[in-house]
Amino acid sequence: MISDQSETIVAVATPAGKGAIAVVRLSGPAARSLTEGQFRRQTQGQLHPASPTLGAFWGSRQNHLDQVLITFFQQPASFTGEDLVEISCHGSPVVVRQIVETMLEAGARLATPGEFTQRAFLNGKLDLAQAEGLRDLIESQTAFQAKLATEQLQGALSLRLAPMKEEIIRVVCHIETALEFVEDEVEPQTRQELAAALQKVDRELQELEQSFALGRIVLEGATVAIVGKPNVGKSCVFNGLLNQDRAIVTDIPGTTRDVLAETIDLHGIPTRLVDTAGIRESEDRVERLGVEKSLQSVGKSDASMFVLDGSVPFEQEDWRILELVREQPCLLVVNKEDLPRRLEVPPQVEAVCQSTVTMSALKRTHLQELRAALLGVLLPARSGEQESAPLTDIRHKQCIQASRQHLRAGIQAYQSGLSEEFPLYDFRKALAALGQITGETTVEDLLDQIFSTFCIGK
Ligand SMILES: Nc1nc2c(ncn2[C@@H]2O[C@H](COP(=O)(O)OP(=O)(O)O)[C@@H](O)[C@H]2O)c(=O)[nH]1
Ligand SMILES: [Mg+2]
C-alpha cells in the first residue's frame, strides 16, 4: 500500500528489550504538534529544527512518563522528507510502550514495516535501489555485506546504471526525431552507430548481471564441500580451517561416515564447510550411505575442495572424484607435504581446478594460503576495483535480464530494417525495466513487496 502522507506515523526505531535509551520516531504533518502537546521543555522556547531539546514527556492522563530528549527535523530536511521527530527516552519497554500509546491516542497511527523509508522514497530522498541498500545494511551480518550495502545506499548501483540509461534515451530520441520528419531517414551509418552503442550497453548490463554470482555469495554465504578418497586428510583440513578438532581424525579409512558441516568467516563471507565421507566403493552399508550423502553435498555446494594425499600416487578413485567436481569451481589441496612426495598431479586435474595449495593439515601449515585460495575460487571476479558494486538483489538481476531481452530484440529489429516503431517499442521497454531498479517506473505492488521486507520503525 502506498503510504498516505497526510497521516502522521509513529514507531519505535530501536530494538525491542531493555537498553540505556530507546528512540520513538514520528513522521508526518502533525509530528511536531503532537509531540509539543505532550512535552514540557525544561528551558523556554519552541522545538528548534535539528537541535535536541530536553524536557518531560507527559502521558495522556497528564502523568509524567519520562525525561526525554527531543530532536525535531523540519521538512524537507529529514530522513523522510516530512516533519520528523525523534524522542529519545530511557530504554524501558514500559516507558517506550506508554510513549507510543500516548502518541496513538493523540492522533498518530502505528507505522507499517518500512513505512518511514517508503516515505523517504516517495519524497525523493532516496531511490528504490538505495532504499534496498539501507534494508540490506540493517540486515548485514559481516563487514563485507555491510560494505556492499553501504555502497548501494550511497547510490553506487544507481550511478552505474545512469550512463547506460542515458545511452538508451539518446538512441530513442534520435529514432523518434527521425520518425517525426519522415523524409529524414536515419542514415545507414548512423543506424550502425546507434545499434553499436546499444550493443555496448548490453555488454555492460551483462557484466552487471554476472556480478550477481559474487553478490549472492557475499549476501547469503557459500557452501564448500571437502571431497577426496578416504584417509587423504579431509577431516584434518576441515578441523584446520575451523581451528578446532570438530571431526574425528583417524588413520582408519572410512572414519567419517556422515556429513559434517560448520560455518567459518572467510574474510567476511560466511562459508559453510562440509566434511564428507571419503568417496570410494565400499561393501559397508553405513559407509555406502555416507558416500551417497557426500555425492549429494557436492551437488548442493558452490565450490569444492578436492583433497589429494601428496605421499601416494594418483589413483583410479581420484579420477572418479575429478568427474564429480568438474562442474563447479574447485580448489585442489595437495595434503601431507610433511611426507615424501610421491604424487604427480595429472594435467587434466590442474585444468579442472582453479588453483592448487600444497599443505600439511596435520602440522597446520599453509592454512593462510588455503583460506586465500578458497576465497579466490569463490570470488573469481573480485580482482578489479570495478566490481565494487555487484548486484546483490535477485530483483535487480531480473530487471536487468528483462532489460537485456528487450534491448537485444530491439537491436535485431532495428538492424533487420523493420519499421522504426518496432525497435522503439523494445528500447522503451528496456529502459522501463532499468527504471524499475531505481524506482522511476514502479507499480504499487512492487513497493508493497519491497517495503514489507523492512522492519517496523525503519
Ligand atoms: N603426515 C600427515 N598425516 C596427515 C596429514 N593430514 C592428515 N593426516 C593423517 O591422515 C589420516 C587420515 O586423516 P583424516 O583427516 O581422518 O582423513 P579423511 O579420511 O580424508 O577425513 C590421519 O591419521 C591423519 O593424522 C598431514 O598433513 N600429514
Ligand atoms: Mg574424514
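On a predicted model such as this, the values are computed, not experimentally measured, just so you know. (Residues numbered from 1 in each chain as written. Chains lettered and ligands numbered in written order. Predicted model: local features only at pLDDT ≥ 70, side-chain atom pairs only at ≥ 80, totals over all residues. Heavy atoms only, no water.)

### Let's talk about the overall build of the protein chain
Phase 1 of the analysis: On a plain count of helices and strands, the protein chain comes out with 16 helices and 13 strands.
Phase 2 of the analysis: A compact globule built from 458 residues would reach a C-alpha radius of gyration of about 23 Å, whereas the protein chain, at 30 Å, exceeds it by more than 25%.
Phase 3 of the analysis: In terms of overall dimensions, the protein chain has a C-alpha envelope of 85 × 75 × 35 Å along the principal axes.
Phase 4 of the analysis: Counting over 458 residues, the protein chain shows a buried share of 49%.
Phase 5 of the analysis: For the protein chain, contacts bridging at least 24 residues in sequence account for 68% of all contacts bridging at least 6.
Phase 6 of the analysis: Surface accessibility of the protein chain: about 22,200 Å² in total, with carbon and sulfur atoms responsible for 52%.
Phase 7 of the analysis: Of the charged side chains in the protein chain, 45 are positive and 62 negative; the average position of the first set lies 7 Å away from that of the second. (Helix = DSSP H or I, 4+ residues; strand = E, 2+ residues; numbered from the N terminus. Rg over C-alpha atoms; globule rule 2.2 N^0.38 Å. Buried < 20%, exposed > 50% of the residue type's maximum accessible area, 1.4 Å probe, protein only. Contact = heavy atoms within 4.5 Å. Areas by Shrake-Rupley, 256 points an atom, 1.4 Å probe, with all protein chains shown as cover. Lys, Arg positive; Asp, Glu negative; His and termini not counted. Charge placed at Lys NZ, Arg CZ, Asp CG, Glu CD.)

### Structural notes on the packing of aromatic side chains
Phase 1 of the analysis: Here the structure, examined in full by the defined rule, presents four aromatic pairs.
Phase 2 of the analysis: Taking 4.8 Å as the distance between ring centres and 75° as the angle between the ring planes, the aromatic pair formed by Phe314 and Trp319 counts as edge-to-face.
Phase 3 of the analysis: According to the relative accessible area criterion, Phe314 is buried, its value standing at 16%.
Phase 4 of the analysis: Consider the rings of Tyr414 and Phe427, whose centres lie 6.4 Å apart with planes at 75°: the pair is edge-to-face. Placement of Tyr414 in helix α14 (residues 394-415) and of Phe427 in helix α15 (residues 421-438) is noted, with a sequence separation of 13 residues between them. An identical accessibility class is assigned to Tyr414 and Phe427; each is buried.
Phase 5 of the analysis: For Arg25, the ring lying beneath its charged end belongs to Phe116, and the centroid distance is 4.8 Å.
Phase 6 of the analysis: A cation over a ring is seen here: Lys458 above Phe79, with NZ or CZ 4.7 Å from the ring centre. (Phe/Tyr/Trp six-rings, centres within 6.5 Å; stacked < 30°, edge-to-face > 60°. Lys NZ or Arg CZ within 6 Å of the ring centre and 35° of its normal.)

### Details of the site of ligand 1
Phase 1 of the analysis: Around ligand 1, 18 residues are found, and the nearest of them are Asn231, Lys234, Ser235, Cys236 and Asp338.
Phase 2 of the analysis: Here Lys234 contributes a side-chain N or O atom positioned 2.7 Å from an oxygen atom of ligand 1.
Phase 3 of the analysis: With respect to ligand 1, the side chain of Ser360 contributes an N or O atom lying 3.0 Å from an oxygen atom.
Phase 4 of the analysis: For ligand 1, whose unbound accessible area comes to 580 Å², protein coverage reaches 90%.
Phase 5 of the analysis: If you tally residues by element for the shell around ligand 1, the top one is helix α9 (residues 234-242), at three residues.
Phase 6 of the analysis: Residues belonging to the shell around ligand 1 are distributed by class as follows: seven nonpolar, six polar and five charged. (Near = heavy atom within 4 Å. Polar contact = N/O pair within 3.5 Å; in protein donor to acceptor, adjacent residues only side chain to side chain. Nonpolar A, V, L, I, M, F, W, Y, C, P; charged D, E, K, R; others polar.)

### Section: the domain arrangement of the protein chain
Phase 1 of the analysis: Assigned domains of the protein chain: these are domain 1 (9-125), domain 2 (133-211 + 390-439) and domain 3 (220-382).
Phase 2 of the analysis: Each of domain 1 and domain 3 has a C-alpha centre, and the two are 55 Å apart. (Domains from an automatic or database assignment.)

### A short note on α9
Phase 1 of the analysis: Along α9, nine of the nine residues are buried, which leaves the element largely enclosed by surrounding structure.
Phase 2 of the analysis: All buried positions along α9 are accounted for by Lys234, Ser235, Cys236, Val237, Phe238, Asn239, Gly240, Leu241 and Leu242.
Phase 3 of the analysis: In this fold, the buried residues of α9 make contact with β8 (222-227), β9 (260-266), β10 (269-275), β11 (303-309) and α13 (367-378).
Phase 4 of the analysis: Phi for Asn243, located one or two positions after α9, is positive at around 65°.

### Brief notes about the packing of α9 against α13
Phase 1 of the analysis: Axis separation between α9 and α13 bottoms out at 10 Å; the angle between their running directions is 90°. Put simply, α9 runs roughly perpendicular to α13. For the pair formed by α9 and α13, the contact residues are Val237, Gly240 and Leu241 on the first element and Leu367, Leu370 and Arg371 on the second.
Phase 2 of the analysis: Of the residues in the contact of α9 with α13, the class split is four nonpolar, one polar and one charged. (Axes fitted to C-alpha atoms, helices over the stretch in contact; angles between N-to-C directions. Parallel < 35°, antiparallel > 145°, perpendicular 65-115°, else oblique.)

### Describing the packing of helix α4 (residues 128-139) against α15
Phase 1 of the analysis: Closest axis-to-axis distance for the α4/α15 pair is 5 Å, and the angle between their directions is 40°. Considered as vectors, α4 and α15 are oriented oblique to each other. Judged by residue contacts, Leu128, Ala129 and Glu132 of α4 engage Gln436, Ile437 and Thr438 from α15.
Phase 2 of the analysis: Split by residue class, the contact of α4 with α15 holds three nonpolar, two polar and one charged.

### Some words on the sheet that holds β9
Phase 1 of the analysis: Across the sheet, six strands lie side by side as β9-β10-β8-β11-β12-β13; this open sheet has mixed pairing. Every other strand in the sheet has two partners, leaving β9 and β13 (355-358) as the edge strands with one partner each. Mean inter-strand twist for the sheet, computed between neighbouring axes without regard to direction, equals 25°.
Phase 2 of the analysis: Of the pairings in the sheet, the one linking β11 to strand β12 (residues 330-335) comprises six bridges and is parallel in character. Its bridge partner being in β12, Asp309 is matched across the sheet by Asn335.
Phase 3 of the analysis: With respect to the sheet, helix α11 (residues 316-325) is in contact with β8, β11 and β12, its orientation differing from that of β11 by roughly 165°. (Pairing = 2+ DSSP bridges.)

### Focus on the environment of Val23
Phase 1 of the analysis: One can find Val23 in strand β2 (residues 19-27).
Phase 2 of the analysis: Remark: the alpha-carbon pair of Val23 and Gly215, spanning 192 residues in sequence, is separated by 33 Å.
Phase 3 of the analysis: Sequence-distant contacts of Val23, defined by excluding residues within four places in its chain, comprise Ala11, Val12, Ala13, Thr14, Glu86, Ile87 and Ser88.

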